[in-house]
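A closer look at the structure
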Amino acid sequence: VCRLEFFGTLRAGAFFAPLHRHSERNATQEAQDEAPSKEVSYNGVPAIVNGRLELSLRLRRGAIPPADADLPRIGAKFGQAMEQELGARVQVAAGALHSADGGVAAAEFVWTAGWTGDGGRMQTMLQQRSARIERAVEEALRSEEAAWLEDVAVWA
């Protein structure tokens, strides 16, 4: 599972093509199905799962914006939330903080959840749990109780 697919999963909630076919189809849909499929199956394929997290951090009025020194704490909260949802160890490798224009700062992190023997299983898990993962990350970061943080959104 590549990072772009994971990014799509969190962004859209259903980036991957469905793994099942609908029983009720009309002639147009069946004709389209006869065209070569671009669906890729990762079932049973070893994979290294990694990605990029983008956050929108809404700042409290008059608060001093976060600094680079705040990034390890934010990254650790993200990693803990991902570990709880995926059941895999998550390493947060790097973080970057972007401008705080209009009371909103952006933070970006690179992460990896390591190797899995079945990329398809991980892909399905990411599909099915994408909204839950997003909520868990946001809730974990809201619990940070940073003096500068009013609210947080994943993929804002």
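Residues numbered from 1 in each chain as written. Predicted model: local features only at pLDDT ≥ 70, side-chain atom pairs only at ≥ 80, totals over all residues. Heavy atoms only, no water.

1. As for empty space enclosed by the protein
One pass over the structure, following the stated rule, counts one cavity of 30 Å³ or more. Of the voids in this model, the largest cavity is the one considered here, and its volume is about 30 Å³. Lining the largest cavity, in full, are Leu-57, Ile-74, Leu-141, Glu-144, Trp-148 and Leu-149. The residue makeup of the lining of the largest cavity, split by class, is five nonpolar, no polar and one charged. (1 Å grid on protein atoms, 1.4 Å probe; cavity = no way out; pocket = protein on both sides within 12 Å on 5 of 7 lines; lining within 4 Å. Points joined across faces, edges and corners; volume = space filled by probe spheres on them. Nonpolar A, V, L, I, M, F, W, Y, C, P; charged D, E, K, R; others polar.)

2. Considering helix H4 (residues 119-142)
Helical geometry note: an α-helix holds 3.6 residues per turn, so side chains three or four residues apart project in the same direction. At Arg-129, H4 is deflected by roughly 70°, the largest bend along its length. A distance of 3.1 Å separates the backbone nitrogen of Gly-120 from a side-chain oxygen at the start of H4, and that oxygen is part of Asp-118. (Bend = angle between axes of the 7 residues up to and from the residue. Helix = DSSP H or I, 4+ residues; strand = E, 2+ residues; numbered from the N terminus. Polar contact = N/O pair within 3.5 Å; in protein donor to acceptor, adjacent residues only side chain to side chain.)

3. Concerning the pairing of strand E2 (residues 91-98)
Working note: regular strand, side chains alternate between the two faces of the sheet. The pairing of E2 with strand E3 (residues 104-116) spans seven bridges and is antiparallel. Its bridge partner being in E3, Val-92 is matched across the sheet by Trp-111. If you look at the hairpin formed by E2 and E3, you'll find five residues sitting between the two strands, and Gly-102 has a positive phi there, around 60°. (Pairing = 2+ DSSP bridges.)

4. What about the packing of helix H3 (residues 71-86) against H4?
At their nearest, the axes of H3 and H4 sit 9 Å apart, and the two run at 140° to each other. Comparing the axis directions of H3 and H4 gives the class oblique. By crossing handedness, the relation of H3 to H4 is classed as right-handed. Counted together, Ile-74, Lys-77, Phe-78, Ala-81, Met-82, Glu-85 and Leu-86 of H3 and Met-122, Met-125, Leu-126, Arg-129, Arg-132, Ile-133, Ala-136, Val-137, Ala-140 and Leu-141 of H4 form the full contact between these two elements. Taken together, the residues that form the contact of H3 with H4 break down as 13 nonpolar, no polar and four charged. (Axes fitted to C-alpha atoms, helices over the stretch in contact; angles between N-to-C directions. Parallel < 35°, antiparallel > 145°, perpendicular 65-115°, else oblique. Left-handed = near helix turned anticlockwise from the far one by under 90°. Contact = heavy atoms within 4.5 Å.)

5. A few points about the pairing of strand E1 (residues 47-59)
The pairing of E1 with E3 spans twelve bridges and is classified as antiparallel. Along E3, the bridge assignment pairs Val-49 with Gly-114. Sheet topology places E1 next to strand E4 (residues 149-154); five bridges connect them, and they run antiparallel. Counterpart to Leu-57 in the pairing with E4 is Val-152.

6. A word on the pattern of salt bridges
For the structure on display, the rule yields ten salt bridges. The residue Glu-108 makes a salt bridge to Arg-52 at a minimum N-O spacing of 3.2 Å. Placement of the pair is Glu-108 in strand E3 and Arg-52 in strand E1, with a sequence separation of 56 residues. A relative accessible area of 25% places Arg-52 in the partly exposed class. Between Glu-83 and Arg-89 there is a salt bridge, and its shortest N-O distance comes to 3.6 Å. (Salt bridge = Lys/Arg side-chain N within 4 Å of Asp/Glu carboxyl O. Buried < 20%, exposed > 50% of the residue type's maximum accessible area, 1.4 Å probe, protein only.)

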